[in-house]
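# Commentary on secondary and tertiary structure
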Amino acid sequence: MFTSSPALDHRDSIDEMHDYVWDVPRKHGYEVTRNADKIMGRHLTKAKIGSMVTLVEDKVLEDVARLRQSVGPSGSRVPFGHRTWSLLWNSSLGALFGGGLDPTWVRGPAREMMHNANVCYFIDLLPFLPRAFWFAVLPKARAFRRGRRDLHSRLAKWLDNDDAVSQADDMLQEIGKMFNSRRDECNLEAASAWVAMFVTGLAVNTGEVTGWLFPYLLRSPALLKAIRAECDALPAGRLDQVDLKASAPLLSSAIQETLRIRGSIFSGRTVKKPFQLPGYDHQFKRGDLLRIMSPGAALDTDCWGDDAAVWRGDRFYQGGDQMYNSQLAFGGGVTTCPGRWLATAELLIVTAHLIRNFDFGTDISLHEKLPDEGDDTEFGAPCKAGTGEVVKLTDLDGKSYDIVMPNMENSGCEIPSGLLPPLEETVIFMKPRDIDV
Ligand code: HEM
């Protein structure tokens, strides 16, 4: 119903969000940015992403080799969320943009923007004064806009340099050239806003998954053992030609479970004519905005069972395709995330390589800032000491544990992204394994 009803407008609220959050124009240049959407959709189909996955894996292999070196042969404790987030960010952007854009150059602004992005929803709840006023006075709103402005201007430099654009993969080259040939209809600012929207979609959400997944997985000893066995049985070397959902079904399930429970689904629909949800009395009127509320969707016991609030890594493995089809982490219908196939392939590849390459300690520390962390870890702010969030998990052998996880940033409020970031860093001991990978 939500994904296909003719009584609902499937585009309107996403266009509004493009305009308000990303600054992608709704009026001037709209037709050109829609054309960029179409080019993106054409390149990101399941059948077509193969060459992108290969490019991403090249970068992942380089980064994993670097990580092995940096932790040293006897291992060390690393700021895990940040390290793996950066690994995914660099691999995804490095692969798609090629040598024409240094991924680290746009990472700080993008993170600053997204870590403050929930302010957009908050501002809309404030009465009387226009949005512009709140954006000028609220520190969080100013940080959000600063990140967005910096991101746009850095991407505008990329877009304005034909040589840089020509080093990108086929999809981004086509998009960059299209924008550059239609500047009279869509100026550089608007085009770079669209590219910024793509960049954050591309790399922000995917990167957060590992920071959530591993703290669960490392506290599920039976599941970890089974997943390690799956990963060790994969062919040595590259994995881009392997059907990882079939060959590592428990790993695939654990990733989906993490997406389910940590997702932030912002999908919206505008009501076009009076409309009722089956089984509910309330009639929505024209102009109402309907949203999938992600905690509600992820914790719905009718759909997921009585243990909906529990992280159970083998849930999707047990539930099979029917359960995969109930997953809303990527939205649904015509506005479903265009990058879902690429994100899923990347996550399987990265996690499988990490698990094959490293042993992990189970003593996980939160709220700690290590001396060697880069400046862009949480923007240099000290990790907040706190109690963490106590949650339940059920392991593969049926044993249940209460574990402490990082708090969820923006908890209680969705963000215009797909995944809620952890608020605190997770420090994990990693040691390279002595195996033929
Ligand atoms: C785990 C990773 C990801 C998650 C959880 C995620 C989630 C989402 C969600 C929930 C939406 C909105 C869907 C809707 O409104 O129904 C979305 C939109 C979008 N995603 Fe993703 N996504 C991920 C990865 C990616 C990747 C890898 C790319 C690019 C290759 C991407 C590009 C986009 C773009 C460009 C949009 C906006 C589409 C539009 O506004 O028209 N995403 N994503």
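Just so it is clear, the structure is predicted and the values come from calculations on it, not from any experiment.

The next subject is helix 1 (residues 12–22). Those residues of helix 1 that sit buried are Ile14, His18, Val21 and Trp22. All buried residues of helix 1 project into a common sector of 105° when viewed along the axis, lining one side. Summarising the contacts, the buried residues of helix 1 are in contact with helix 6 (119–124) and helix 11 (188–217). With its phi angle positive at about 70°, Asp23 sits one or two positions after the end of helix 1.

All right, on to unusual backbone geometry then. Here the phi dihedral of Asp23 falls at roughly 70°; this positive angle occurs in a residue that is not glycine. Of note, Asp23 is situated in the loop between helix 1 and helix 2 (30–43).

Orientation of helix 3 (residues 50–71) relative to helix 4 (residues 80–97), taken along the N-to-C sense of each, is 140°, at an axis distance of 8 Å. With respect to helix 4, the element helix 3 is oriented oblique. As helix 3 runs across helix 4, the sense of the crossing is right-handed. Across the interface between the two elements, Met52, Leu55, Val56, Asp58, Lys59, Val60, Asp63 and Leu67 of helix 3 pack against Arg83, Leu87, Asn90, Ser91, Ser92, Gly94, Ala95 and Leu96 of helix 4. Its residues assigned to classes, the contact of helix 3 with helix 4 comprises eight nonpolar, four polar and four charged.

Here the focus is the environment of Met323. By the element assignment, Met323 lies in helix 17 (residues 315–326). For the pair Met323 and Tyr121, spaced 202 residues apart in sequence, the C-alpha to C-alpha distance is 30 Å. Excluding residues that lie within four positions of it along the chain, Met323 makes contacts with Arg315 and Phe316.

A word on the UniProt feature "binding site: heme" (unreviewed entry) in the protein chain. On the UniProt side, "binding site: heme" (unreviewed entry) is annotated at positions that read Cys337 here. Tracing the chain through its elements places Cys337 in the loop between helix 17 and helix 18 (340–357). Its 18 C-beta neighbours within 10 Å are what place Cys337 among the partly exposed residues.

This part takes up the nonpolar core. Core analysis: the biggest nonpolar cluster contains 103 residues, and Trp194, Val199, Ile227, Leu251, Leu348 and Ala352 have the highest contact counts within it. With 18 residues, helix 11 is the largest single contributor of residues to this core.

What counts, and where the lines are drawn
- Residues numbered from 1 in each chain as written.
- Predicted model: local features only at pLDDT ≥ 70, side-chain atom pairs only at ≥ 80, totals over all residues.
- Buried ≥ 20, exposed ≤ 12 C-beta atoms within 10 Å, placed from the backbone.
- Helix = DSSP H or I, 4+ residues; strand = E, 2+ residues; numbered from the N terminus.
- Arc of directions from axis to C-beta.
- Contact = placed C-beta atoms within 7 Å.
- Axes fitted to C-alpha atoms, helices over the stretch in contact; angles between N-to-C directions.
- Parallel < 35°, antiparallel > 145°, perpendicular 65-115°, else oblique.
- Left-handed = near helix turned anticlockwise from the far one by under 90°.
- Nonpolar A, V, L, I, M, F, W, Y, C, P; charged D, E, K, R; others polar.
- UniProt positions renumbered as here; feature names shortened; annotations may be inferred.
- Core = buried A, V, L, I, M, F, W, Y, C linked by C-beta atoms within 7 Å.

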